[in-house]
There are 2 protein chains.
Amino acid sequence: MDSIKVGLLGFGTIGTGVIRVLQKNADLLQQRLGKKLELAKVVDLDITTDRGVQLEAGLLSTDVEDIISNPDVDIAIELIGGYEPAKSFILKAIANGKHIVTANKALMALHGQEILVAAEENGVEVMFEAAVGGGIPVISAIKENLCANDFSNVLGILNGTCNYILTEMTENGSDFAPVLKDAQELGYAEADPTFDIEGVDTAHKIALLAALCFGTKVDFDKVYTEGITNVAAIDIQFATQMGYKIKLLAIGKNLGDQIEVRVHPTMIPDSYQLSEVDGVFNAVRLSGDFLGPALLYGSGAGMDATASAVMGDVMAIGRDMISGAKRRTPIMGYCSDQIDELPIKPMSDIISRYYLRFTVVDAPGVLAQISGILGKYDISIQSMIQPERHAADAVPIVIMTHEAKEDNINKALAEIDQLKIVQEPTRLIRVETNLG
Amino acid sequence: MDSIKVGLLGFGTIGTGVIRVLQKNADLLQQRLGKKLELAKVVDLDITTDRGVQLEAGLLSTDVEDIISNPDVDIAIELIGGYEPAKSFILKAIANGKHIVTANKALMALHGQEILVAAEENGVEVMFEAAVGGGIPVISAIKENLCANDFSNVLGILNGTCNYILTEMTENGSDFAPVLKDAQELGYAEADPTFDIEGVDTAHKIALLAALCFGTKVDFDKVYTEGITNVAAIDIQFATQMGYKIKLLAIGKNLGDQIEVRVHPTMIPDSYQLSEVDGVFNAVRLSGDFLGPALLYGSGAGMDATASAVMGDVMAIGRDMISGAKRRTPIMGYCSDQIDELPIKPMSDIISRYYLRFTVVDAPGVLAQISGILGKYDISIQSMIQPERHAADAVPIVIMTHEAKEDNINKALAEIDQLKIVQEPTRLIRVETNLG
């Protein structure tokens with residue numbers, strides 16, 4: 001072959017970034033690959049909007065068949081996003097012998113298994129580094145150089161929109177709603193930010209990382225997912241006061257016979273590296289039995305960083321093609337017949353520390369009632385803040401617990417929230433201090 | 001082939017770690033590779049010392065030919081270190097068709113080119129992830145997933161011994177000598193720590209990273225290398241006061257027609273992530289044109305982390321063997337006929353900011369004399385500290401400069417140090433605030 005030919009499905013922001021890499025670094029890519037990478041076709045429904053890149057005549061098409069059924073295309077890059085038609089396009093491209101590079105976390109988290117099976121049947125590769133952590137090479141690190149490790153856990157700050165909002169709330173003492181509005185105006189949040197702020201995007205990503213690290217299928221429906229819409233400015237103030245940051249943390253833990261995979265606002269000590277990952281940056285913390293802890297940090301989104309990851313995958317497949325490698329690295333890091341089906345531990349069974357903010361009337365005996373119920377459910381108090389308040393009928397009481405079982409916390413809070421002295425539902429934020 | 005057979009040259013600390021990975025994670029390695037990894041032979045001059053691992057009878061040998069000329073060995077892991085006999089062993093193993101995995105930064109930095117040529121002639125692979133940053137997968141990140149980027153610079157804290165010493169000096173206000181002694185007692189510094197504390201080990205590592213990032217040969221003799229033995233407690237105090245940390249920073253920059261590759265104690269703002277890499281940890285900061293900045297952090301040394309990196313390389317070669325890949329990824333990341341020979345910019349030509357500590361008599365007109373000479377050489381002052389001192393005839397004056405040419409700094413200091421008012425040679429520490 002004289003060149004490796006790539007077809008681009010989806011000429012949006014990331015697609016434009018991919019074309020920019022192919023154009024700006026054409027020589028460099030060839031010097032590192034040994035062959036030319038050639039853009040064979042770009043397909044999008046909209047081929048008239050100016051994206052600021054020049055394309056040769058005839059490269060643009062609105063017909064997806066020009067890529068997925070084009071015998072000249074070696075690698076199809078899917079940047080459409082979402083489940084359909086992306087999935088159908090990918091499966092047809094695979095059936096036609098194309099290798100796949102995708103940034104589609106939703107599709108891979110929910111339908112990765114179906115795509116994997118199709119790819120193995122057809123002897124093609126599927127790579128998806130850009131699906132998690134933007135430009136951070138975390139998937140290739142797990143599948144390749146760190147693969148001699150038994151990973152005990154993987155933690156991540158994986159959504160730039162949420163991290164930007166929480167960082168702004170922390171630095172400026174603002175509430176969620178106005179910061180979201182600013183983020184939308186600045187382009188850091190989508191017009192419909194639901195998938196980001198409700199934690200779904202983060203959940204897709206941690207499901208993929210947990211699958212890769214622990215060698216198991218991950219039942220996405222069982223991933224506990226709580227977004228940041230209920231994080232209040234007052235909780236961030238208390239967190240700061242106690243030496244914590246609140247992050248939307250993605251947590252994957254390997255417990256041997258089951259796994260934990262969950263996403264929720266989490267307090268982490270402000271001395272931890274993860275707490276210092278601010279703004280739109282992402283980071284992943286891996287713990288391997290030989291590696292120990294390692295942190296990978298970088299741009300978690302954006303045209304350029306994501307294009308870097310996409311093109312890293314294209315280069316890997318190109319190297320496989322040129323060197324004659326067939327099915328070199330298993331798509332999910334483990335040989336497909338060795339992938340486990342570890343169940344996800346139910347949230348009610350998890351053990352964590354908890355930040356609890358009670359909103360109570362300022363009256364004698366309040367603390368005795370609350371601490372009595374906590375004690376009944378084996379929840380022991382590590383520290384407490386009852387700030388002095390003037391005015392107002394409702395006052396906050398903040399309690400940090402020692403490790404407790406979530407089920408017990410839920411039962412205790414249900415009982416406490418029935419008390420007449422309690423004015424608002426109690427706010428709970430999990431606290432992670434045991435990074436393994 | 002039923003299994004991939006590895007031979008281990010050097011049964012020291014890291015070799016023991018490699019055996020521990022092969023034993024503890026045997027099943028996991030097979031699940032990820034698809035074949036068994038088999039330890040075929042372990043060669044060391046000392047085969048009697050108990051290293052705390054059990055080996056099958058007949059595996060140990062004192063005869064290097066049992067690996068480098070053994071037709072049963074697919075991959076030779078070189079963990080002897082140093083130039084000879086490691087180099088001769090590697091070249092003979094290559095001639096006999098063995099793939100090579102090595103942790104030998106000194107050998108690769110100085111004789112990598114000779115090894116590369118031999119490997120290409122014999123169609124074998126040479127991998128050396130463990131040579132830089134211990135368990136941090138930085139070499140594979142540069143060569144593989146980030147390879148679509150044009151890197152503008154690479155910065156690293158690459159020596160755990162130096163970083164431990166500087167961290168202790170910073171936290172405890174101690175001088176260099178007693179901290180080195182403690183480090184030796186704790187096993188964080190060698191009995192002969194010269195290569196570490198004089199910066200040579202760090203220079204080997206940044207020479208490799210610069211070569212990989214910038215696609216060029218790096219003339220190691222031209223790498224400016226200054227260790228940490230002259231870092232004084234007083235300089236650390238001033239740095240802290242001004243909001244900086246002092247690190248032994250390895251710096252690689254691509255200027256297009258030439259490169260900077262240098263190692264020296266460096267002040268970096270304490271708000272930078274690199275400033276927070278403490279103790280024996282390592283970190284590498286990469287800047288790519290699409291990636292943007294990224295940071296990879298982890299254990300920079302030690303039995304387990306280094307064994308993780310060695311075994312990552314073994315797995316990569318195993319995957320190449322099984323999948324039929326021949327010469328998949330170029331040894332230095334670029335096709336060997338595309339590797340440049342960019343000259344290293346002479347130190348006298350570099351532009352930097354500088355911390356200058358003058359030791360002067362406490363007399364009128366001192367500052368005028370010093371600032372006059374600095375001005376003569378186009379060196380402008382950004383900030384100054386002249387602490388109030390009681391007693392003593394000699395007092396420190398600290399000046400932070402704006403960007404200046406090193407040659408001008410040298411000329412100015414030569415002139416200043418001749419002044420009668422100057423009591424000791426002026427201390428210079430370069431300041432890095434422009435990370436690119």
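Cut-off values and rules
- Residues numbered from 1 in each chain as written.
- Chains lettered and ligands numbered in written order.
- Predicted model: local features only at pLDDT ≥ 70, side-chain atom pairs only at ≥ 80, totals over all residues.
- Heavy atoms only, no water.
- Contact = heavy atoms within 4.5 Å.
- Buried area = accessible area lost by both parts, 1.4 Å probe.
- Salt bridge = Lys/Arg side-chain N within 4 Å of Asp/Glu carboxyl O.
- Polar contact = N/O pair within 3.5 Å; in protein donor to acceptor, adjacent residues only side chain to side chain.
- Helix = DSSP H or I, 4+ residues; strand = E, 2+ residues; numbered from the N terminus.
- Pairing = 2+ DSSP bridges.
- Buried < 20%, exposed > 50% of the residue type's maximum accessible area, 1.4 Å probe, protein only.
- Core = buried A, V, L, I, M, F, W, Y, C linked by side-chain atoms within 4.5 Å.
- Axes fitted to C-alpha atoms, helices over the stretch in contact; angles between N-to-C directions.

Undergrad: Could you give an account of the interface of chain A and chain B, naming the residues involved and the relevant values?
TA: Contacts between chain A and chain B engage 64 residues on the former and 64 residues on the latter. Contact between chain A and chain B buries roughly 5000 Å² in total, counting both sides, with carbon and sulfur atoms accounting for 52%. Three residues stand out in chain A for area buried against chain B, namely A:R32, A:N145 and A:F290, and they jointly supply 18% of the buried area on that side. Linking chain A to chain B there are six salt bridges. Of the charged contacts in the structure, one is a salt bridge between B:R328 and A:D320, with a shortest N-O distance of 2.4 Å. The interface formed by chain A and chain B contains 36 residue pairs in polar contact (both at pLDDT 80 or more). Looking at the side of chain A that touches chain B, the elements with two or more residues in it are α1 (13–24), α2 (26–33), α6 (138–143), α10 (200–214), β12 (292–299) and α12 (303–323) of chain A. The dominant element in the side of chain A that touches chain B, judged by the number of residues it contributes, is α12(A), at twelve residues. Bridge count between β12(A) and strand β12 (residues 292–299) of chain B: three bridges; the pairing is antiparallel. From the neighbouring strand, A:L295 faces β12(B), where its bridge partner is B:Y297.

Undergrad: Break down the environment of B:I381 for me, citing the residues and quoting the values.
TA: Residues and elements named next belong to chain B. In this structure, I381 sits in strand β14 (residues 381–385). With a relative accessible area of 34%, I381 lands in the partly exposed category. Among all residues touching I381, those that are not within four sequence positions of it are S371, L374, I399, M400, T401 and H402.

Undergrad: How would you sum up the nonpolar core? Please name residues and give values.
TA: Membership of the largest hydrophobic core comes to 180 residues, with the highest contact counts inside it found for A:I165, A:L209, B:I165 and B:L209. A:I165 has contacts with A:F176, A:V179, A:L180, A:A183, A:I197 and A:I228, leaving out every residue within four places of it along the chain.

Undergrad: Quick one: what's the story with the sheet that holds strand β5 (residues 99–102) of chain A, residue by residue and with numbers?
TA: Within a sheet, each strand pairs with its neighbour through backbone hydrogen bonds, oriented either parallel or antiparallel. All names here are of chain A. Strand order across the open sheet formed by six strands is β3-β2-β1-β4-β5-β6, with parallel pairing between neighbours. At either margin of the open sheet sits one strand with a lone partner, and together these are β3 (60–61) and β6 (126–127). Two strands pair when backbone bridges link them, and strand β1 (residues 3–9) and strand β2 (residues 36–43) are joined in this way by seven bridges, in the parallel orientation. For G7, the partnering residue across the bridge sits in β2 and is K41. Packing against the sheet, helix α4 (residues 86–95) makes contact with β1, β4 (75–78), β5 and β6, and its axis sits at approximately 155° to β5. Lying over the sheet, α12 contacts β1, β2, β4, β5 and β6, oriented at roughly 165° with respect to β5.

No statement about biological role is implied by the geometric values presented.
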